[in-house]
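Geometric and topological summary
Now for the letters of each chain:
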Amino acid sequence: MKFWLSRPDLRRYSGLVQRPRTTETGVTAWFLGTSSVLLSDGRTAVLTDGFVTRPGLVRVAFGRIAPDRNLVRQAVERLGTPPIAAVVCVHSHYDHALDAPVWASLTGAELVGSESTANIGRGLGVPEQGLRVVGDGDVRTFGEFGLTFVESEHSPGDHYPGTVDAPLVPPRRSREWRTGSVYSVFVSHPRGTVLLHASAGFRPGALHGRHADVVYLGVGTLGKQPVEYVEAYWDEVVLATGARRVVLVHWDDFFRSLDEPLRPMSYLADDLDVTLSCLSALAERDDRELLLPVAWQPADPFAPSRG
């Protein structure tokens, strides 16, 4: 029996856990919880979101939040990657954009995203030359990484729709980090192409004709959606791009510190059991590899399948 405040037991899904790998292809990925993924080829690195402050539920619901610069600095030092050239916000909610300007300031990276993301950056002092606003179909190059932005939709039930129309100076209420534009981001490299699709929404047909080898697939609140929606989402993102490997993101409890092992959201917020049951069946049907990543663990996104 499921109680609202209980949560799925990840031990049931040990067979899906992504194993650590030394890179065989020259590209390494680190998952930092929620939908934060860093990709590096040893010369250049690009990061999505970089959300590591992870304020607790009570503060998010009733207080004001701000990035923790020390936590971001510790994350930069822990990763020890080559210079981060770009920090990309896939949309502008606080669980994506709260810390991104701090990463940009500490590393000298460009902050890339919508005008809402730029205003979040301005509120934290990122200079104009460090801001890059992108639109549908835009391409930006960083080292050997080419980033293509395709506008998408947030998952159903967006709590904070709208835009950030002026510099956002924290601490502020969490609801003030509004959605802005939502992007699917194709990250191409001579070794392969990764699609970063962090929010479980889609625009029918938007990704057709575009290829990815690997999808980092956002599944937040997917367990609350009808089966028909889950199947359409899979078809429009995974099958449409031809990806053979699907790494699930945005499933963990992002009110919990990254110093502790990741755990799923409570059943009140989502149902990862339902999500994994549906997606496992689809992956088996379509001969796709389905994985749950481990925080801070290096992985080779393009390594041969383990099975």
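Everything in this summary refers to the structure shown in the same document. In this text the structure is predicted, and so the values were computed from the model without any measurement.

**Topic: the nonpolar core**
Ranked by size, the top nonpolar core spans 95 residues in total, and within it W103, L217, L248 and L279 carry the most contacts. Apart from residues lying up to four places away in sequence, L248 is in contact with L217, V219, L276, L279, L290, L291, L292 and P293.

**Focus on the sheet that holds strand β8 (residues 145-151)**
Across the sheet, which stays open at both edges, the 7 strands sit in the order β7-β8-β9-β10-β11-β12-β13 with mixed pairing between neighbours. A single partner strand is all that each edge strand has here, and the edge strands are β7 (139-142) and β13 (289-291). For this sheet, the mean angle separating the axes of adjacent strands, direction not counted, is 20°. As paired elements, β7 and β8 share 4 bridges and run antiparallel to each other. Within β8, the position partnered with F142 by the bridge is F145. Each of β9 (183-189), β10 (192-197), β11 (214-218), β12 (245-249) and β13 is contacted by helix α6 (residues 227-241), which is oriented at about 165° to β11, the strand it contacts most. Its contacts with the sheet place helix α7 (residues 272-286) against β11, β12 and β13, and it is angled at close to 155° to β13.

**Some points on the pairing of β11**
Of all 5 residues in β11, 5 are buried; the element is thus mostly enclosed. With burial as the criterion, each face of β11 is covered, one bearing V214, Y216 and G218 and the other bearing V215 and L217. Here β11 pairs with β12 via 5 bridges, running parallel. Among the inter-strand pairings, V215 is bridged to a residue of β12, identified as V246. Tracing the backbone out of β11, into α6 and back to the parallel element β12 gives a crossover that is right-handed.

**Considerations on the sheet that holds strand β5 (residues 110-113)**
Spatially, β1-β2-β3-β4-β5-β6 is the arrangement adopted by the 6 strands of the open sheet, whose pairing is mixed. The outermost strands of the open sheet, each flanked by one partner alone, are β1 (28-31) and β6 (131-133). For this sheet the average axis-to-axis angle between neighbouring strands, irrespective of direction, equals 20°. As defined by bridge partners, strand β3 (residues 45-48) adjoins strand β4 (residues 84-88) across 4 bridges and the pair is classed as parallel. Across the sheet, L47 pairs through a bridge with V87, a residue of β4. Contacts from helix α4 (residues 100-107) reach β3, β4 and β5, with the element oriented near 165° to β4.

**Observations concerning the packing of aromatic side chains**
Counted by the stated rule, this structure contains 8 aromatic pairs. Pairing F51 with F254 gives two aromatic rings, centres 6.4 Å apart and planes at 70°, and the pair type is edge-to-face. Of this pair, F51 sits in the loop between β3 and α1 (57-62) while F254 is found in the loop between β12 and α7, placing the two residues 203 residues apart along the sequence. The same class applies to F51 and to F254, which are both buried. Between F202 and Y229, the aromatic rings sit 5.5 Å apart at their centres with planes inclined by 45°, giving tilted as the arrangement. Placement of the pair is F202 in the loop between β10 and β11 and Y229 in helix α6, with a sequence separation of 27 residues. Accessibility expressed as a relative area gives 18% for F202, which makes it buried. These aromatic residues form a ring-pair network of at least three members: F51, Y94, F254 and F255.

What counts as what
- Residues numbered from 1 in each chain as written.
- Predicted model: local features only at pLDDT ≥ 70, side-chain atom pairs only at ≥ 80, totals over all residues.
- Heavy atoms only, no water.
- Core = buried A, V, L, I, M, F, W, Y, C linked by side-chain atoms within 4.5 Å.
- Buried < 20%, exposed > 50% of the residue type's maximum accessible area, 1.4 Å probe, protein only.
- Contact = heavy atoms within 4.5 Å.
- Pairing = 2+ DSSP bridges.
- Helix = DSSP H or I, 4+ residues; strand = E, 2+ residues; numbered from the N terminus.
- Axes fitted to C-alpha atoms, helices over the stretch in contact; angles between N-to-C directions.
- Right-handed = clockwise from strand over helix to strand, strands pointing away.
- Phe/Tyr/Trp six-rings, centres within 6.5 Å; stacked < 30°, edge-to-face > 60°.

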